[in-house]
Every structure is written in C-alpha cells, then in structure tokens.
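Chain by chain, the residues run as shown.
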Amino acid sequence: MLFLSMLLMGGIIGFVGAGGSGVIITLLVVGFGIPIHQALAVALGSMAFTTLSGAISHYREREVVPLTGAVLGTGGLVGALIGAVLSNHIEAPNLSLFTGLMLLSSAFLLYLRIYQAEWLGRQISVREELLTGRRLYLYGLPVGFVCGVLSGAFGIGSAAYIQIALMVVFGVPLLQAIGTTMMIIVPISISGGIGYVLYGQLEPWLFIQTLVALSVGSFVGAKLTHLAPLPVLRFWIVALPTIGGSIMILFR
C-alpha cells in the first residue's frame, strides 16, 4: 500500500510540476503512521535525488547562476545539518504543527506568485542586476543558512522562499532562479538527510520504496502534464501544500 500510494503521489507531483515533499511527509505521517522524524528523513533523502537530476538539466540549459547557487548552497548545507539536529530535539506533535505551518506559508507564497504576480511586483522591488562581489557572500551565506535550517528542521525544500530571495536580493532572473533554486536544494537536502541519519531516523526500506515509487510516478506524470489545462495545473500547485499543511495541523 505504501509503494502504490507513493506511486500515485509521484504521478500527481510529476503531473502538476510541484515539489510535493510536504505532501509526502503528510501521507507518511497521517496515512501510514510513520513517526514524523523518519518521514522528514525520507522526504529530504528523496529530494536530494529528484532535485539533482533537475539541477543538472537546468545547468545544461544555462538556467543556473553557478556562483550564486554555490554561495547559498554552502550556507544551506551548514544550516540544514543544524536544522536536522534541532528537529530531533522537538517533540513530534510540535514538529507536526511547525511543519504544517511551513507548508501553509509556502502555499501562500506560491499563491502570490501565481495568482497575484502583478500585485506582488508592485509591492516588492526586484533587483535589476546580478549581485556580485563581497556583498554576494555577505548576503548569500546567511540567507542560505536560514533556508537550510528551515529545510533541515521541517523536511521541506523552502523552494518558494529561495526563489523569491534570489530574484529580490540577488538579482537572478525568474527562469534562472528556478534552476538555481534546484541547485541550492541539493546540498541542503543531502546535509539535512545526513543529520537524520546520524540520529538513526532514516529507515532504509521505507526510503527505497518511497524513492523508487516517486521516481517512477513522477516520470509518468510529467509525460501527461501537457494534457491538463493551465488553470488546473496552477490550482494544484497551490492546493497540494495547502492540503498537506492543513492535514498535518489538524491530525497532529
């Protein structure tokens, strides 16, 4: 049942083009009664593999800013390890609440980006040129660190936060912000996963089932994306983290 459920979830994630790590955590915890710390470990471990392939693809298409990604990724690597350590000292009900709130906040940011793009553009001053030099390191390492702590502690990639930071603070264009975000998430998810492994929270068989099912399901789902109307895709990109976050809070 776990494998089949993750296969279906992978198909949905691939179909709508959303990360879905939060929904995976919700399904494992609420649907199958997996302890939340183990669910976070599985989500981060799976994310390391799925984002790596995406980052490589974006890099080949010149949709990555390597230096910016490396700086934020370095800060995120350290932050994710610390976040994972902190997470293992948080009681399960509280951790479920915090994870649910993180998912809802991510859903809200996605809603603004997708449905309120013009309003968001008027409220936020986007940097016109790429941030370089000393300021890149002064801003990039702390921003990456904070995103890493959030990801390591709550098992989600913080993609919405990273993308907005890249555009607003670091002057990365939207298309390159997407690819650079995937590059940044790779070291974050690897480091966070290692943090949970050190505490014995990664269950190998559970991880293998989840990774294989998600990979197969998302591959098939991605092939069907062109069949869906754009409004349907936009709706589910926001709906998935909203549903996942709400369930985590209500059933914690």
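The rules we used
Along each chain, the written sequence defines residue order, and numbers are assigned to residues from 1. Totals for whole chains, interfaces and linings use all residues, but because this is a predicted model, local features are given only for residues with pLDDT of at least 70 and pairs of side-chain atoms are given and counted only at 80 or more. Only heavy atoms go into the side-chain values, all of them from the structure, while hydrogens and water stay out. Helix and strand definitions here come from DSSP, where helices need a minimum of 4 consecutive H or I residues and strands a minimum of 2 consecutive E residues; each element is numbered from the N-terminal end. Exposure classes here rest on a 1.4 Å probe applied to the protein chains alone. A residue is buried below 20% of its type maximum, exposed above 50%, and partly exposed in between. Contacts are residue-level and defined by heavy atoms, with any inter-residue pair within 4.5 Å sufficient. Here, Shrake-Rupley sampling with a 1.4 Å probe gives the accessible areas, and only protein chains in the shown set may cover a residue. The positive count covers Lys and Arg only, the negative count covers Asp and Glu only, and His and the chain ends enter neither. By convention, the charge on Lys lies at NZ, on Arg at CZ, on Asp at CG and on Glu at CD. To get an axis, fit a line to the C-alpha atoms, keeping to the stretch in contact for a helix; angles then go from 0 to 180 degrees between the N-to-C directions. Working rule for handedness: look at the near helix, and if it is turned counterclockwise from the far one by less than a right angle, call the crossing left-handed; if clockwise, right-handed. Side-chain classes are defined by residue name, with Ala, Val, Leu, Ile, Met, Phe, Trp, Tyr, Cys and Pro counting as nonpolar, Asp, Glu, Lys and Arg as charged, and the others, Gly among them, as polar. Here the nonpolar core consists of buried residues drawn from Ala, Val, Leu, Ile, Met, Phe, Trp, Tyr and Cys, with membership extended through side-chain atoms lying within 4.5 Å. UniProt positions are given in the numbering used here, feature names are shortened, and annotations may be inferred rather than shown by experiment.

(A) Focus on the overall build of the protein chain. Scanning the protein chain from N- to C-terminus turns up 11 helices and zero strands. Secondary structure of the protein chain in N-to-C order comes out as α-α-α-α-α-α-α-α-α-α-α. Each principal axis of the C-alpha atoms in the protein chain carries an extent, and together these give about 50 × 40 × 35 Å. Buried positions account for 48% of the 252 residues belonging to the protein chain. A fraction of 84% describes how many contacts in the protein chain between residues 6 or more apart in sequence connect residues 24 or more apart. Accessible surface, the protein chain: about 12100 Å² in total, of which carbon and sulfur atoms supply 71%. Side chains of the protein chain give 10 positive and 7 negative charges; the mean places of these two sets differ by 4 Å.

(B) Fine view of the packing of helix α2 (residues 21–32) against helix α3 (residues 36–60). The N-to-C vectors of α2 and α3 enclose an angle of 145°; their axes lie 9 Å apart at closest approach. Both α2 and α3 take part in a crossing whose hand is right-handed. Across the interface between the two elements, Ser21, Ile25, Leu28 and Val29 of α2 pack against Ile36, Ala39, Leu40, Val42, Ala43 and Met47 of α3. Along the lines of polarity and charge, the residues of the contact of α2 with α3 split into nine nonpolar, one polar and no charged.

(C) View of the nonpolar core. By size, the foremost hydrophobic cluster in this structure holds 49 residues, and its most contacted members are Met6, Ile24, Ile25, Leu28, Ile162, Leu166 and Phe170. Looking at this core, the element that brings in the most residues is α3, giving eight residues.

(D) Fine view of the UniProt feature "transmembrane region" (unreviewed entry) in the protein chain. Cross-referencing UniProt, the feature "transmembrane region" (unreviewed entry) maps to residues 7–30, 36–57, 64–85, 97–115, 136–162, 174–199, 206–227 and 233–251 in the present numbering. The distance separating the terminal C-alpha atoms of residues 64–85 is 30 Å; by composition the span is 91% helix and 0% strand. Overall, residues 174–199 shows 96% helix and 0% strand. The separation of its end C-alpha atoms is 37 Å.

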